[in-house]
Amino acid sequence: MTSVELKVLVFGATGGTGHLILKHLMTVSTPQTVYKVTAVARNPSTLNDHPDIQNPNLTVAKGNLSDEEQVKSLVSLHDIVIFAAGLGILDGQKPNEFYSRSAKLIYEAINETQKSNPNRLKIKFVCITALGLCNDPERMYLLYKWTIKRWFQPCYDDMAIMENIFLNNNDDINYVFVRPAYLNNNIPDKELRVDMDGKFPLDEVNGLGWQLNRNVLAKFIVNNCVVSDKYDKKVLGVTY
Ligand SMILES: NC(=O)c1ccc[n+]([C@@H]2O[C@H](COP(=O)([O-])OP(=O)(O)OC[C@H]3O[C@@H](n4cnc5c(N)ncnc54)[C@H](OP(=O)(O)O)[C@@H]3O)[C@@H](O)[C@H]2O)c1
C-alpha cells in the first residue's frame, strides 16, 4: 500500500503549547497518511529533551520568524503550517508587530508557493491567536475586561491584523484560527467547547468559559484542525 506524506511546519515548537503540539502530531500518522513534522526553533537544543526527539517523523530546523528568507523557504516546503509562537507576558503588553509581520511573511510564502505550482496540495495555515480578540461585551467577565484585556490590548490589536491578512483572502489560501482563553497548565484535561464565531463559549449548563489547559488545546489543534478539514476557513473560540 502506498502512503501519502504530509509535511507539517511548526513555529513556536519550543513553547508550552508548541511542545505539546509536537507530541500529538507524533501520534496521528496511519499506514495511509504519514505526518512528517519540522519543528522550528531559534535554539534547536531546547528540543533535545522532547520525548519524541528520536522519532524519525520529527526534524528540528533552526529558524527565526524575523528572518524573511528562512520563513519563506521553510513554508514553501510544507503542506500545513502551524503557528504557536507568541510574545511573553512583558512584550505582549507593549505595541508590537510580531504577529502581523509573521502573518504577512507566511501569507506571501504560501501564496507564492501555490501560484508557482498550481498542481501542488493547497497549504493550510493553522494559527493560535487569542480570545482577547473577542469584543462582545456580553461574552466576557467584567474583571477580565478591565484587567487582562486592557493589559494585552497591544497584542490583541496586532493579532487582529494577523487574522485579517488571511480572512476573506482572494488567493484560495486555507486557514483555521484558534482563539484560546487563558492557558492554565494546572487544571486537569477535560473536553473543550468551541464557539464558531470566535467568541468565549457560553451555554446554560457550563456558563461562560474562560480557561483551558495547553494539552487539551494542542490535542484539539492536531486532531480537529490539522488532521481534519472540519474547521477550515473558520475562526474558533475555545475554552473549557
Ligand atoms: N498564555 C496564555 O494564557 C495565552 C492565552 C491566549 C492565547 N495565547 C497564545 O497562544 C500561543 C501559545 O502560547 P504559549 O503560552 O504556549 O507560548 P509560549 O510558551 O510563550 O511560547 C512562545 C513560542 O514562540 C516562540 N517565538 C517567540 N519569538 C519567536 C521568533 N521571533 N521566531 C520564532 N519563534 C519565536 C518561542 O521560541 P523561543 O523558545 O525561541 O523563545 C516559543 O517557542 C501564543 O500565540 C499566545 O499568544 C496564550
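For clarity, every value in this text was computed on a predicted model and none was experimentally measured. (Residues numbered from 1 in each chain as written. Predicted model: local features only at pLDDT ≥ 70, side-chain atom pairs only at ≥ 80, totals over all residues. Heavy atoms only, no water.)

**Focus: the overall build of the protein chain**
Looking only at helices and strands, the protein chain features seven helices and 12 strands. Taking 2.2 N^0.38 as the reference for a compact globule, 240 residues should give roughly 18 Å; the C-alpha atoms of the protein chain span a radius of gyration of 17 Å, in line with that estimate. Taking the principal axes of the C-alpha coordinates as reference, the protein chain spans close to 55 × 35 × 35 Å. Per-residue burial over the protein chain gives 52% buried out of 240 residues. Sequence separation of 24 or more characterises 75% of the internal contacts of the protein chain that already satisfy a separation of 6 or more. Entry remark: accessible area of the protein chain is about 12,000 Å², with carbon and sulfur atoms responsible for 51%. When the 26 positive and 26 negative side-chain charges of the protein chain are each reduced to one mean point, those points stand 2 Å apart. (Helix = DSSP H or I, 4+ residues; strand = E, 2+ residues; numbered from the N terminus. Rg over C-alpha atoms; globule rule 2.2 N^0.38 Å. Buried < 20%, exposed > 50% of the residue type's maximum accessible area, 1.4 Å probe, protein only. Contact = heavy atoms within 4.5 Å. Areas by Shrake-Rupley, 256 points an atom, 1.4 Å probe, with all protein chains shown as cover. Lys, Arg positive; Asp, Glu negative; His and termini not counted. Charge placed at Lys NZ, Arg CZ, Asp CG, Glu CD.)

**Describing the packing of aromatic side chains**
Following the criterion strictly, the structure yields 12 aromatic pairs and no others. With a centroid separation of 5.6 Å and an interplanar angle of 45°, the aromatic rings of Tyr-175 and Phe-177 are classed as tilted. Judged by relative accessible area, which is 7%, Tyr-175 ranks as buried. Classification of Phe-177 by relative accessible area gives buried; the value is 0%. One aromatic cluster in this structure is built from Phe-83, Phe-98, Tyr-99, Tyr-107, Phe-125, Phe-166, Tyr-175 and Phe-177. (Phe/Tyr/Trp six-rings, centres within 6.5 Å; stacked < 30°, edge-to-face > 60°.)

**Side note on the UniProt feature "domain: NAD(P)-binding" (unreviewed entry) in the protein chain**
UniProt feature "domain: NAD(P)-binding" (unreviewed entry): in the numbering of this structure it lies at residues 12-222. Along residues 12-222 one finds 33% helix and 19% strand; the C-alpha atoms at either end are 15 Å apart. (UniProt positions renumbered as here; feature names shortened; annotations may be inferred.)

**Describing the site of the ligand**
Among the 22 residues in the neighbourhood of the ligand, the closest are listed as Thr-14, Thr-17, Arg-42, Ala-85 and Arg-214. One of the side-chain N or O atoms of Arg-42 is found 2.7 Å from an oxygen atom in the ligand. Contact with the protein chains covers 77% of the free accessible surface of the ligand, which is 910 Å². Secondary-structure elements contributing two or more residues to the shell around the ligand are helix H1 (16-25), helix H3 (98-116) and strand S7 (182-183). Tallied by class, residues from the shell around the ligand come to 12 nonpolar, eight polar and two charged. (Near = heavy atom within 4 Å. Polar contact = N/O pair within 3.5 Å; in protein donor to acceptor, adjacent residues only side chain to side chain. Nonpolar A, V, L, I, M, F, W, Y, C, P; charged D, E, K, R; others polar.)

**Structural notes on the sheet that holds strand S1 (residues 4-11)**
The strands making up a sheet associate through hydrogen bonds between their backbones, and the pairing can be parallel or antiparallel. Strand order in the open sheet formed by eight strands is S3-S2-S1-S4-S5-S6-S12-S8, and the pairing between neighbours is mixed. The strands lining the two open edges of the sheet, one partner per strand, are strand S3 (58-62) and strand S8 (193-195). Averaged over all pairs of adjacent strands, the angle between strand axes in this sheet comes to 20°, irrespective of strand direction. Relative to strand S6 (residues 174-180), strand S5 (residues 124-128) runs parallel, the two being bridged by five bridges. Bridge pairing links Phe-125 to Tyr-175 in S6. On top of the sheet, H3 reaches S1, strand S4 (80-83) and S5; it is set at about 180° to S4, its chief contact. The strands touched by helix H7 (residues 214-226) are strand S2 (33-41), S4, S5, S6, S8 and strand S12 (234-239); relative to S5, the strand with the most contacts, the crossing angle is about 160°. (Pairing = 2+ DSSP bridges. Axes fitted to C-alpha atoms, helices over the stretch in contact; angles between N-to-C directions.)

**Structural notes on the pattern of salt bridges**
Counted by the stated rule, this structure contains 14 salt bridges. Across the pair Lys-72 and Glu-68 runs a salt bridge whose closest N-O atoms are separated by 3.5 Å. Of this pair, Lys-72 and Glu-68 both sit in helix H2 (residues 68-76), four residues apart, which is roughly one turn of the helix. Asp-91 is the salt-bridge partner of Lys-94, the closest N and O atoms lying 3.2 Å from each other. (Salt bridge = Lys/Arg side-chain N within 4 Å of Asp/Glu carboxyl O.)

**Side note on unusual backbone geometry**
Comment: phi is negative for the bulk of residues other than glycine, and the bulk of peptide bonds are trans. We note that Asn-168 has phi near 60°; this positive angle belongs to a residue other than glycine. Relative to the elements of secondary structure, Asn-168 occurs in the loop between helix H6 (153-166) and S6. One non-glycine residue, Asp-172, lies in the positive phi region at around 55°. Summarising the element assignment, Asp-172 is placed in the loop between H6 and S6. Accessibility expressed as a relative area gives 45% for Asp-172, which makes it partly exposed.

**A closer look at the nonpolar core**
One recurring pattern in soluble globular proteins is that nonpolar side chains are buried together. Formed by 41 residues in total, the largest nonpolar core has its most connected members in Phe-11, Val-75, Phe-83, Ile-106, Phe-125 and Phe-166. When residues in this core are grouped by element, the largest group, eight residues, is from H3. Beyond its immediate stretch of four places on either side in the chain, Ile-106 contacts Phe-11, Leu-65, Val-71, Val-75, Val-81, Phe-83, Phe-125 and Phe-166. Counting residues in each nonpolar core, the second largest holds 38 residues, with Leu-6, Val-10, Leu-22 and Val-37 among its members. (Core = buried A, V, L, I, M, F, W, Y, C linked by side-chain atoms within 4.5 Å.)

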